[in-house]
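# Residue-level structure breakdown
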Amino acid sequence: MMSKAAGLSGSMEDYLEAIAWLVEAKGVARVRDIAAALSVHKSTVTAALRGLNERQLVNYSAYEAATLTPDGQKIATEIIRRHEIVREFFMEILSLEHGIADANACRLEHVLDAEVLERLACFVKFVKDCPSARQRCLKEFQQYCHCASTKKSAAKATARKASTAKKGVGGCRCRADG
């Protein structure tokens, strides 16, 4: 990964990503806006911006807005791409709601290998490009998840014997016993 080669922590990657999003949305990335976006104190942002400035990834001086250098922009673009791949997988394939998908993508974007990310992106594209696969497989997956959820809820609510759970709860006969 490009940013890992640059020796950046996930936290520093988050700053670059936030600056990129803020500049796109507002035209400028001020310390207070970065702090609000990342739910941190302004002093924490200032310290991070100084460190990123030393690495020549942002242009920053006290009381001024932050901008990305060309190298910082390159890294931020890659971080955003990773985030979008993971979020799209969560939403399109796993049918997670946007907020859950986005929050988890934000955590995973920093740790997944490039090969894993490319495979996730390839799978999402495959499912989107193959309507029959999308309709059939995703519908079955959603039913499987619903069935598994139903079984877990039923198992917590009642103390049924293992033989009853294997037959399924409420007529559901999927193999979602976990």
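In this report, the structure presented in the accompanying data block is examined.

Criteria and cut-off values
- Residues numbered from 1 in each chain as written.
- Predicted model: local features only at pLDDT ≥ 70, side-chain atom pairs only at ≥ 80, totals over all residues.
- Heavy atoms only, no water.
- Helix = DSSP H or I, 4+ residues; strand = E, 2+ residues; numbered from the N terminus.
- Buried < 20%, exposed > 50% of the residue type's maximum accessible area, 1.4 Å probe, protein only.
- Contact = heavy atoms within 4.5 Å.
- Areas by Shrake-Rupley, 256 points an atom, 1.4 Å probe, with all protein chains shown as cover.
- Phe/Tyr/Trp six-rings, centres within 6.5 Å; stacked < 30°, edge-to-face > 60°.
- Axes fitted to C-alpha atoms, helices over the stretch in contact; angles between N-to-C directions.
- Parallel < 35°, antiparallel > 145°, perpendicular 65-115°, else oblique.
- Left-handed = near helix turned anticlockwise from the far one by under 90°.
- Core = buried A, V, L, I, M, F, W, Y, C linked by side-chain atoms within 4.5 Å.

### So, the overall build of the protein chain
Counting its secondary structure elements, the protein chain contains nine helices and two strands. N-terminal to C-terminal, the α/β element order of the protein chain is α-α-α-α-β-β-α-α-α-α-α. Counting the 178 residues in the protein chain, one finds 35% classified as buried. The contacts in the protein chain between residues at least 6 apart in sequence include a share of 54% that link residues at least 24 apart. By element, 55% of the accessible surface of the protein chain is carried by carbon and sulfur atoms, the whole surface being about 11,100 Å².

### Overview of the packing of aromatic side chains
The geometry of an aromatic ring pair is captured by the separation of the ring centres together with the interplanar angle, meaning the angle of the planes. Throughout the structure, instances matching the rule amount to two aromatic pairs. Measuring from ring centre to ring centre gives 6.2 Å for phenylalanine 89 and phenylalanine 90, while their planes differ by 55 degrees; the resulting arrangement is tilted. According to the relative accessible area criterion, phenylalanine 90 is buried, its value standing at 11%.

### Quick notes on the packing of helix 5 (residues 70-93) against helix 6 (residues 98-108)
In contact at an axis separation of 8 Å, helix 5 and helix 6 are set at 140 degrees when each is read in the N-to-C sense. Judged on the interaxial angle alone, helix 6 and helix 5 are oblique. Like other packed secondary-structure pairs, helix 5 and helix 6 cross with a definite hand, here right-handed. For the pair helix 5 and helix 6, contact is made by His83, Val86, Arg87, Phe90 and Met91 and by His98, Ala101, Asp102, Asn104, Ala105, Cys106 and Leu108, respectively.

### Quick word on the nonpolar core
With 24 residues, the main nonpolar core has Leu16, Ile19, Ile34, Leu49, Leu52 and Val58 as its most contacted residues. Of all the secondary structure elements, the ones that give two or more residues to this core are helix 2 (10-26), helix 3 (31-38), helix 4 (42-54) and helix 5. Here this core gets six residues from one element, more than from any other, and that element is helix 2. In this view, isoleucine 34 contacts Tyr15, Ile19, Leu22, Ala29, Val45, Leu49 and Ala66; residues no more than four positions away in its chain are not counted. Ranked by size, the runner-up nonpolar core spans 13 residues in total, among them Phe90, Leu112, Leu120 and Val127.

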